[in-house]
Amino acid sequence: MITHGVVTDDGVVSVDGDATVSLPWASLTKPCTAIAVLVAVEDGSLSLDDPAGPPGSTLRHLLAHASGYDFDTDAVLAAPATRRIYSNTGYERAAEVLVAATGIDFDIYLREAVLEPLGCTRTTLQGTAAAGLVGPLDDLLRVAAELLHPALLAAETAALLRTVAFPGLRGVLPGFGAQDHNDWALGPELRDHKSPHWTGTRNSPETFGHFGGGGGFVWVDPAVGAACASLSDRPFGDWAVAAWPALSDEVLAALDRR
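Residues numbered from 1 in each chain as written. Predicted model: local features only at pLDDT ≥ 70, side-chain atom pairs only at ≥ 80, totals over all residues. Heavy atoms only, no water.

Participant: Could you clarify how one ought to interpret helix H5 (residues 137-148) in this entry?
Facilitator: Think of an α-helix as 3.6 residues a turn; residues three or four steps apart then line up on the same face. For H5, which comprises twelve residues, the first-to-last C-alpha distance of 16 Å matches the rise-based estimate of 16 Å (1.5 Å per residue) to within 8%. For H5, a buried count of nine out of twelve residues is recorded, marking the element as mostly surrounded by other parts of the structure. Every buried residue belonging to H5 is among Leu137, Asp139, Leu140, Leu141, Val143, Ala144, Glu146, Leu147 and Leu148, and all of these are buried. (Helix = DSSP H or I, 4+ residues; strand = E, 2+ residues; numbered from the N terminus. Expected span 1.5 Å × (residues − 1). Buried < 20%, exposed > 50% of the residue type's maximum accessible area, 1.4 Å probe, protein only.)

Structure representation (structure tokens):
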């Protein structure tokens with residue numbers, strides 16, 4: 001089962017498939033976790049420059065996959081801000097920092113600060129802050145709409161979700177290989193001029209978003225004022241490497257014809 005939908009300035013403009021079936025968001029959880037952390041930053045509970053993770057690392061490094069942590073262990077593979085190493089561990093540590101600062105369990109904070117205000121009432125955290133959300137496409141489209149036109153965060157803070165942090169770092173874009181400039185913001189990944197990439201050839205370099213091992217993605221292209229999200233019951237694999245860019249190009253071509 002694969003379902004996808006498109007959001008523009010006019011709201012949800014198309015949905016293909018059953019948008020009410022709950023499916024794993026996997027790493028699409030990370031942008032939501034990043035928003036939760038930024039909410040805590042805005043209310044003064046945290047600072048992005050608070051020490052967190054390996055020596056010399058901060059909360060900002062954790063959210064930008066620049067702390068040096070391994071993918072899913074506590075091993076430190078590089079000094080902070082020297083390589084872009086995609087890390088679930090970094091997001092788990094970021095959530096722990098939030099819990100320590102606020103005294104609120106992460107699943108409760110995420111629900112009350114992000115999911116409920118967005119109307120994502122059928123999405124729940126059933127695992128870690130890195131990859132544990134499960135919910136329907138309807139709710140993921142609400143997240144896409146928030147990324148397209150932020151309401152939970154002040155404009156300056158929301159800009160951090162689409163602005164490269166620690167620019168120029170080399171790294172591996174999971175599933176798509178080594179990138180000389182593996183640009184990442186505080187949560188979303190940035191398309192820039194990466195090749196190969198999981199978005200389409202029609203997507204602008206300003207496109208940002210995320211994909212997950214559960215077979216889903218969400219991207220926002222500010223140049224066209226649109227976002228696209230997809231969920232699947234098929235784990236990420238070669239099918240997604242081929243299908244996602246093609247789907248993205250189809251979506252953008254259809255928007256061009258409107």
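Read on for the rest.
Participant: Help me understand the side chain of Thr58, please; the structure alone is not making it clear to me.
Facilitator: The residue Thr58 is located in the loop between helix H1 (29-42) and helix H2 (59-63) in this model. Thr58 has contacts with Leu48, Asp49, Asp50, Pro51 and Ala52, leaving out every residue within four places of it along the chain. (Contact = heavy atoms within 4.5 Å.)

Participant: Is there a simple way to explain the sheet that holds strand S9 (residues 208-211) in this structure?
Facilitator: Through backbone hydrogen bonds, the strands of a sheet pair up, either in parallel or in antiparallel fashion. Ordered in space as S2-S1-S11-S10-S9-S8, the six strands form an open sheet in which the pairing is antiparallel. Edge positions in the sheet fall to strand S2 (11-16) and strand S8 (189-190), since each has one partner strand and no second. In terms of strand pairing, strand S10 (residues 217-221) meets strand S11 (residues 226-232) through five bridges, oriented antiparallel. When the bridges of S11 are listed, Trp219 appears paired with Cys228. (Pairing = 2+ DSSP bridges.)

Participant: Is there a simple way to think about unusual backbone geometry in this case?
Facilitator: Excluding glycine, residues mostly carry a negative phi; peptide bonds, for their part, are mostly trans. The peptide bond linking Ser195 to Pro196 adopts the cis configuration, its omega dihedral lying at 0°. Look at His65: it is not a glycine, yet its phi comes out positive at around 55°. One can find His65 in the loop between H2 and helix H3 (88-102). Despite not being glycine, Ala81 has its phi angle at roughly 65°, a positive value.

Participant: Help me understand the sheet that holds strand S3 (residues 23-26) in this model?
Facilitator: Strand order in the open sheet made by the three strands is S3-S5-S4, with antiparallel pairing throughout. In this open sheet, the two strands that pair with only one neighbour each are S3 and strand S4 (124-125). Where S3 meets strand S5 (residues 133-135), three bridges bridge the pair, whose relative direction is antiparallel. The residue bridging Leu23 from the neighbouring strand is Gly135, located in S5.

Participant: How do you make sense of H3 when you look at a structure like this?
Facilitator: If you check H3, its first and last C-alpha atoms are 21 Å apart, about what 15 residues at 1.5 Å a residue would give, namely 21 Å. For H3, the complete set of buried residues consists of Asn88, Thr89, Gly90, Tyr91, Arg93, Ala94, Ala95 and Leu98. Buried residues along H3 sit in contact with H1, H2 and helix H4 (106-118). Regarding H3, its N-cap is Ser87, as a side-chain oxygen of that residue lies 3.2 Å from the backbone nitrogen of Thr89 further along. A positive phi of about 75° marks Gly103, the residue just after H3. (Polar contact = N/O pair within 3.5 Å; in protein donor to acceptor, adjacent residues only side chain to side chain.)

Participant: Looking at this model, I keep getting lost on the packing of H1 against H4. Mind explaining?
Facilitator: The packing of two helices is summarised by the inter-axis angle and the distance between the axes. Contact pair H1 / H4: the axes reach a minimum separation of 9 Å and the direction vectors enclose 80°. Viewed along their axes, H1 and H4 adopt a mutual orientation that is roughly perpendicular. Listed contacts from H4 to Cys32, Thr33, Ile35, Ala36, Val39 and Ala40 of H1 are Phe106, Tyr109, Leu110, Ala113 and Val114. Within the contact of H1 with H4, the residues separate by chemical class into ten nonpolar, one polar and no charged. (Axes fitted to C-alpha atoms, helices over the stretch in contact; angles between N-to-C directions. Parallel < 35°, antiparallel > 145°, perpendicular 65-115°, else oblique. Nonpolar A, V, L, I, M, F, W, Y, C, P; charged D, E, K, R; others polar.)

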